[in-house]
Amino acid sequence: VPLEHMVLQLDEVLLASSNEKHLAAFKELPDFSSFKGRIELVRVPYLRRWKLEREVYDAQVTPRTVGRHVAPHATRVAAMWAVLTRLKKPIPDRYPAEARALVERLSPMEKLKLYQDQEAPDRLTVQQQRELKKLVPLLYEESDSYPNYEGRSGASAREIKTALFNAAQSPEHDSLHPLAVLKELLALTRDKSVYEYLQQEIVDGYHDHTEFVRIVENDYLDVVDREVRDSMGLVSEQQYADLFERYVQTVSAWIKGERVQNKHSGAQEKPDEARLAEFEGYVMPKGEDATAFRRSLISTVGAWRIDNPEIPVDYARIFPDLFKRLADHFYEEHKRQLKRYVENILKYLSDERSALSPKDQQQVRKTMDEMVSRFGYTEASAKDAIVFLVRKRYA
């Protein structure tokens, strides 16, 4: 350690941690300046990527520690809510003029997804999404120099683990269920005199911790809805992939001015503009220019191939947002059929099972088996999730 008149050879280093409140009190002591010359302060904010936060809970909240089954997404809803409580509204003036409008409109949930997977909002064009993704490092470091930096306040992992263990005692479920976790989080938001972060002023949706429970609940419903649809097997992921691959091949030919083979007649034909436009109606953001969208898509695929020359192209991995829009389009077209299938599941799990035909019972059994084997539910926890989904989405 270089000092003013000598070099001090240390043979011991002490490590310690403190929260900001105790550090502030320490700074008020007369001896702090002497201590400061001998310590290096390293700022460690709360986590701001929810999947990392979830790993903390998954390691400690297990069937062994809670004494019962841990239903899918119980720790997911807890982690997402915790991270949402820690986020601060960006200050647009700190960004380039052309990007300020993008930053200013960023909601807490959009910022959370941007931090986690660089997932930009669907409401933006492809070009705007690209520009916003470039700003992620600036957004993440924006408040590092502020006394009240992002991640300084919000729900702590300790508080969330308490909520999870309390939720595991819920008599309404036979497992640690996300619905019980959501109730615990809502109860936690009422203790404003206990938790300082709950006293923060709401700014354009940020620090609205009660609303965050509703937002996380809606995300949970999205996930369960997709799992139920996938378990029904009406459309497989491979069918989405095949449809998307045909679209990419047609766009590639369109850009190069080449012809494509008609799969029915075998004839070489110009790319069908009407079919391209129909598919783009499902997946392309509103207001996007079709030509720019097609060229951006092909350049993204090309860049992925360069970075991953040994791996087959996985369009679902490259374009998760477009695949989600494709699935949502299918959902809207088959909503009535899906509703009937979901209602059959509820009948099967109730006293009305005998009212279903053998074919319907077989379909429900297949769906429930998929929910258990593929997604990790028990039959009871799946029933709780599906009943909640029907009440919120299909009623």
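Heads up: these notes are all about the structure in this document. (Residues numbered from 1 in each chain as written. Predicted model: local features only at pLDDT ≥ 70, side-chain atom pairs only at ≥ 80, totals over all residues. Heavy atoms only, no water.)

**Let's talk about the overall build of the protein**
- In terms of regular secondary structure, the protein is built from 20 helices and four strands.
- The principal-axis extent of the C-alpha atoms belonging to the protein is close to 90 × 60 × 40 Å.
- Within the span of the protein, comprising 395 residues, buried residues form 40% of the whole.
- Pairs at least 24 residues apart make up 68% of the contacts formed inside the protein by residues separated by at least 6 positions.
- Working note: accessible area of the protein is about 22800 Å², and carbon and sulfur atoms make up 50% of it.
- If you average the places of the 60 positive and of the 64 negative side-chain charges in the protein, the two averages end up 3 Å apart. (Helix = DSSP H or I, 4+ residues; strand = E, 2+ residues; numbered from the N terminus. Buried < 20%, exposed > 50% of the residue type's maximum accessible area, 1.4 Å probe, protein only. Contact = heavy atoms within 4.5 Å. Areas by Shrake-Rupley, 256 points an atom, 1.4 Å probe, with all protein chains shown as cover. Lys, Arg positive; Asp, Glu negative; His and termini not counted. Charge placed at Lys NZ, Arg CZ, Asp CG, Glu CD.)

**So, helix H5 (residues 74–84)**
- In terms of residue burial, H5 counts as a mostly covered element, since eleven of its eleven residues are buried.
- Among the residues of H5, Ala-74, Thr-75, Arg-76, Val-77, Ala-78, Ala-79, Met-80, Trp-81, Ala-82, Val-83 and Leu-84 are the ones counted as buried.

**Structural notes on the side chain of Arg-86**
- Relative to the assigned elements, Arg-86 resides in the loop between H5 and helix H6 (100–104).
- Of the polar contacts made by the side chain of Arg-86, one reaches the side chain of Glu-53; its length is 2.8 Å.
- Those residues within four positions of Arg-86 in sequence are excluded, and the remaining contacts are Tyr-46, Leu-47, Glu-53, Tyr-57, Glu-150, Gly-151, Ser-153, Gly-154, Ala-155, Ser-156 and Ala-157. (Polar contact = N/O pair within 3.5 Å; in protein donor to acceptor, adjacent residues only side chain to side chain.)

**Focus: a nonpolar patch on the surface**
- The grouping of Val-1, Leu-3, Met-6, Leu-8, Leu-10, Val-13 and Leu-15 at the surface amounts to a nonpolar patch, some 740 Å² of accessible area in total.
- Mapped onto the secondary structure, Met-6 falls in the segment before helix H1 (20–27). (Patch = residues over 30% accessible without salt bridge, like charges linked within 9 Å, V, L, I, M, F, W, Y side chains within 5 Å. Salt bridge = Lys/Arg side-chain N within 4 Å of Asp/Glu carboxyl O.)

**Quick word on the packing of aromatic side chains**
- Counting across every chain of the model gives eleven aromatic pairs.
- Both rings, one in Tyr-195 and one in Tyr-197, keep their centres 5.9 Å apart while their planes meet at 40°; by these two values the pair is tilted.
- Geometrically, the ring pair formed by Phe-244 and Phe-319 is tilted, given 5.6 Å between the ring centres and 35° between the ring planes. Note that Phe-244 is positioned in helix H13 (residues 237–256) and Phe-319 in the loop between helix H16 (315–318) and helix H17 (320–333), a separation of 75 residues in sequence.
- Through successive ring pairs, a cluster of aromatic residues spans Phe-244, Tyr-247, Phe-279, Tyr-282, Tyr-315, Phe-319 and Phe-323.
- One cation-aromatic arrangement involves Arg-48 over Tyr-140; the distance from NZ or CZ to the ring centre is 3.8 Å.
- It is Arg-294 that lies over the ring of Trp-254; its NZ or CZ is 4.5 Å from the centre. (Phe/Tyr/Trp six-rings, centres within 6.5 Å; stacked < 30°, edge-to-face > 60°. Lys NZ or Arg CZ within 6 Å of the ring centre and 35° of its normal.)

**Regarding the packing of H13 against helix H14 (residues 273–283)**
- Two elements in contact, H13 and H14, have axes whose closest approach is 11 Å; the angle formed by their N-to-C orientations is 130°. As far as their axial angle goes, H14 and H13 are oblique. Crossing hand, H13 versus H14: left-handed. Packed against H13, whose contacting residues are Leu-243, Phe-244, Tyr-247, Thr-250, Val-251 and Trp-254, the element H14 presents Glu-273, Leu-276, Phe-279 and Glu-280 at the interface.
- Partitioned by chemical class, the residues of the contact of H13 with H14 number seven nonpolar, one polar and two charged. (Axes fitted to C-alpha atoms, helices over the stretch in contact; angles between N-to-C directions. Parallel < 35°, antiparallel > 145°, perpendicular 65-115°, else oblique. Left-handed = near helix turned anticlockwise from the far one by under 90°. Nonpolar A, V, L, I, M, F, W, Y, C, P; charged D, E, K, R; others polar.)

**Side note on the nonpolar core**
- Grouped together as the largest cluster of nonpolar side chains are 75 residues, with contacts concentrated most on Trp-81, Ile-160, Leu-176, Val-181 and Val-228.
- Ignoring anything within four residues of it in the chain, the contact list for Trp-81 reads Ala-155, Ile-160, Leu-185, Leu-188, Thr-189, Tyr-197, His-209, Phe-212, Val-213 and Val-216.
- Counting 22 residues, the second largest nonpolar core, distinct from the first, contains Phe-293, Ile-318, Phe-323 and Ala-327. (Core = buried A, V, L, I, M, F, W, Y, C linked by side-chain atoms within 4.5 Å.)

**Here we look at the packing of helix H18 (residues 335–348) against helix H19 (residues 358–375)**
- Direction vectors running N to C along H18 and H19 enclose 90°, while the axes themselves pass 9 Å from each other. As far as their axial angle goes, H19 and H18 are roughly perpendicular. In this structure, H18 contributes Arg-340, Tyr-341, Asn-344, Ile-345 and Tyr-348 to the contact, and H19 contributes Asp-360, Gln-361, Gln-363, Val-364, Arg-365, Thr-367 and Met-368.
- Residues that form the contact of H18 with H19 fall into these classes: five nonpolar, four polar and three charged.

**What to know about the pattern of salt bridges**
- Applying the stated criterion across every chain yields a total of 25 salt bridges.
- In this structure, the salt-bridge partner of Arg-214 is Glu-211, at a minimum N-O distance of 2.6 Å. You can see Arg-214 and its partner Glu-211 sitting in helix H12 (residues 209–232), three residues apart, about one turn around the helix.
- For Arg-214, a relative accessible area of 45% gives the class partly exposed.
- Ionic pairing is found between Arg-294 and Glu-273, a salt bridge with its closest N-O pair at 3.4 Å. Of this pair, Arg-294 sits in helix H15 (residues 290–307) while Glu-273 sits in helix H14, and the two are 21 residues apart along the sequence.
- What makes Arg-294 buried here is its relative accessible area of 4%.
- Overall, the relative accessible area of 39% leaves Glu-273 in the partly exposed class.

**A closer look at the environment of Leu-349**
- Along the chain, the position of Leu-349 falls in the loop between H18 and H19.
- You can call Leu-349 buried: its relative accessible area is 14%.
- Sequence separation between Leu-349 and Glu-150 is 199 residues; the distance between their C-alpha atoms is 46 Å.
- The residues contacting Leu-349, other than those within four sequence positions of it, are Met-368, Glu-379 and Lys-383.

**Observations regarding helix H8 (residues 126–134)**
- Of the residues making up H8, those classed as buried are Val-126, Gln-129 and Leu-132. Viewed end-on, H8 has its buried residues packed into an arc of 120°, placing them on one side of the element.
- Each element contacted by the buried residues of H8 is listed here: H6, helix H7 (108–117), helix H9 (136–141), H15 and H17. (Arc of directions from axis to C-beta.)

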